[in-house]
Every structure is written in C-alpha cells, then in structure tokens.
Amino acid sequence: MTKSTKASPRSDSKATKILAKKGEDEAATMARAMVEPYFRHGIIASDLAKKSLGDLPGEPGIESFGRVIEARAKQAMDGDLTFASEVLTAQALSLDAMMTELMRRSIMNFGEYPLAAERYARLAFKAQSNSRAALEALAKLHQPREQTVRHVHVNEGGQAVVAENFHAHARA
C-alpha cells in the first residue's frame with residue numbers, strides 16, 4: 001500500500017493519508033489509490049466490519065484492513081495457498097447452509113404459496129451450485145499440477161505442434 005505509516009492528524013480512525021509519488025498531482029494520486037486493490041478492499045472490509053460488529057477494539061480503519069489484505073495477497077503470491085483453502089472451504093460451507101435453509105423455506109411454502117416455494121427453491125439451487133463450484137475450486141487447488149508433453153516441434157513462423165507421435169517428412 002502506498003499510504004503513510006504516520007499517525008493521522010485527525011482523531012478519526014477512518015482517516016488515511018495517501019502519499020503522492022514523485023511528479024504525481026493530487027488527481028493522479030487519488031486515482032492510483034482508488035484502483036489499488038488493497039485500498040479498495042480495505043474500504044469494503046472496514047465498512048463491513050463497522051456495519052456488522054460496530055466499533056472494534058483498537059478501531060481498525062481502512063489502512064489497517066488494507067495492510068492485512070496486502071499481507072494475505074503476498075502470501076498467496078509466494079505460493080502459500082492456506083488462505084485460499086480457508087476461504088473456499090468457508091464459502092462452500094456457508095453456501096451449503098444457505099441452500100438447506102432456502103430449501104426448508106421452499107418446502108414450507110409448497111402448499112399455500114407455490115410462487116414463494118419456487119423462488120426459494122431457485123435460490124437454494126443457486127447456492128448449491130456455488131457451493132459445489134467452491135468445492136471444485138478447492139479440489140483443483142490441491143491437485144498436483146503436472147503436465148507431460150511428448151513431442152514439441154516448432155515450424156517456421158513460430159507455429160508449434162504438440163503430439164503423441166510426430167513424424168518428420170523431408171521437403172521436396
């Protein structure tokens with residue numbers, strides 16, 4: 001993140017100081033900050049935490065959440081897929097819980113409210129599909145990535161042919 005580590009002059013923990021790069025005007029600095037993923041996702045995480053839990057001990061703000069997100073991203077880029085596994089597992093379990101609750105509501109509405117039953121069932125099937133997708137992504141994450149190439153021949157012009165059996169023919 002390109003924010004200052006100095007304490008903000010305001011007492012508001014949401015205040016974040018963004019440092020301009022050399023030769024960068026204020027508009028360019030703000031534009032760069034707003035496209036930086038750690039900053040944007042720090043905003044989302046900060047707002048979500050505040051709405052969900054209220055005031056948190058230590059009052060973490062955008063910058064605090066952004067630093068944690070950046071650290072997790074760097075772990076993943078370095079090959080540590082623990083966080084990705086945790087997220088996919090949590091998503092699959094949450095979506096599965098949603099699916100069962102939505103299906104329960106659908107069943108409760110079968111007799112008297114068929115349209116409500118259908119809507120709940122559709123949502124349940126979407127949650128089920130996304131849960132399955134998360135589990136498939138998790139399985140792919142942990143499968144060994146091995147690929148065997150038998151023959152590679154590069155023709156003139158950079159066209160490659162990959163095949164089990166390759167026969168070279170002499171030109172006329």
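Everything below is about the structure printed above this text.
These remarks concern the structure in this document. (Residues numbered from 1 in each chain as written. Predicted model: local features only at pLDDT ≥ 70, side-chain atom pairs only at ≥ 80, totals over all residues. Heavy atoms only, no water.)

With that settled, the discussion passes to the packing of helix α1 (residues 26–35) against helix α2 (residues 37–53). One way to put it is that α1 packs onto α2 with a least axis distance of 4 Å and a crossing angle of 70°. With respect to each other, α1 and α2 are oriented roughly perpendicular. Taken together, the residues of α2 that come into contact with α1 (itself represented by A33, M34 and V35) are P37, F39, R40 and I43. A class-by-class count of the residues in the contact of α1 with α2 yields six nonpolar, no polar and one charged. (Axes fitted to C-alpha atoms, helices over the stretch in contact; angles between N-to-C directions. Helix = DSSP H or I, 4+ residues; strand = E, 2+ residues; numbered from the N terminus. Parallel < 35°, antiparallel > 145°, perpendicular 65-115°, else oblique. Contact = heavy atoms within 4.5 Å. Nonpolar A, V, L, I, M, F, W, Y, C, P; charged D, E, K, R; others polar.)

For the rest of this paragraph, the subject is the pattern of salt bridges. Two side chains of opposite charge can pair, provided their charged atoms sit close to one another. All told, the structure shown has nine salt bridges when counted by the stated rule. The partner of R72 in a salt bridge is E86, with the nearest N and O atoms 4.0 Å apart. With a gap of 14 residues between them, R72 in helix α3 (residues 62–77) and E86 in helix α4 (residues 82–109) connect regions that are remote in the sequence. Salt-bridge contacts for R104 lead to E101; the nearest nitrogen and oxygen are separated by 2.6 Å. Remark: E101 and R104 occur in helix α4; sequence separation between them is three residues, near one turn of the helix. (Salt bridge = Lys/Arg side-chain N within 4 Å of Asp/Glu carboxyl O.)

A few words on unusual backbone geometry. A positive phi is found at E59, a non-glycine position, where the angle reads about 45°. Mapped onto the fold, E59 is located in the loop between α2 and α3. In this structure E59 comes out as partly exposed when scored by relative accessible area, which is 47%. (Buried < 20%, exposed > 50% of the residue type's maximum accessible area, 1.4 Å probe, protein only.)

Further remarks concern α3. Across its 16 residues, α3 extends 22 Å between first and last C-alpha, which sits within 8% of the 22 Å expected from 1.5 Å per residue. Among all positions in α3, only I62, E63, F65, G66 and E70 are buried. Across the axial projection of α3, the buried residues extend over an arc of 155°, all falling on one side. Buried residues in α3 make contact with α2. One or two positions beyond α3, positive phi appears at G79, with a value near 100°. (Expected span 1.5 Å × (residues − 1). Arc of directions from axis to C-beta.)

A general feature of soluble globular proteins is that nonpolar side chains tend to end up buried together. Counting residues in each nonpolar core, the largest one holds six residues, listed as L95, M99, L102, M103, A124 and A127. Of all the secondary structure elements, the ones that give two or more residues to this core are α4 and α5 (114–142). For this core, the leading source of residues is α4, giving four residues. Apart from residues lying up to four places away in sequence, M99 is in contact with A124, A127 and Q128. (Core = buried A, V, L, I, M, F, W, Y, C linked by side-chain atoms within 4.5 Å.)

Purely geometric stuff here, so don't read any function into it on its own.
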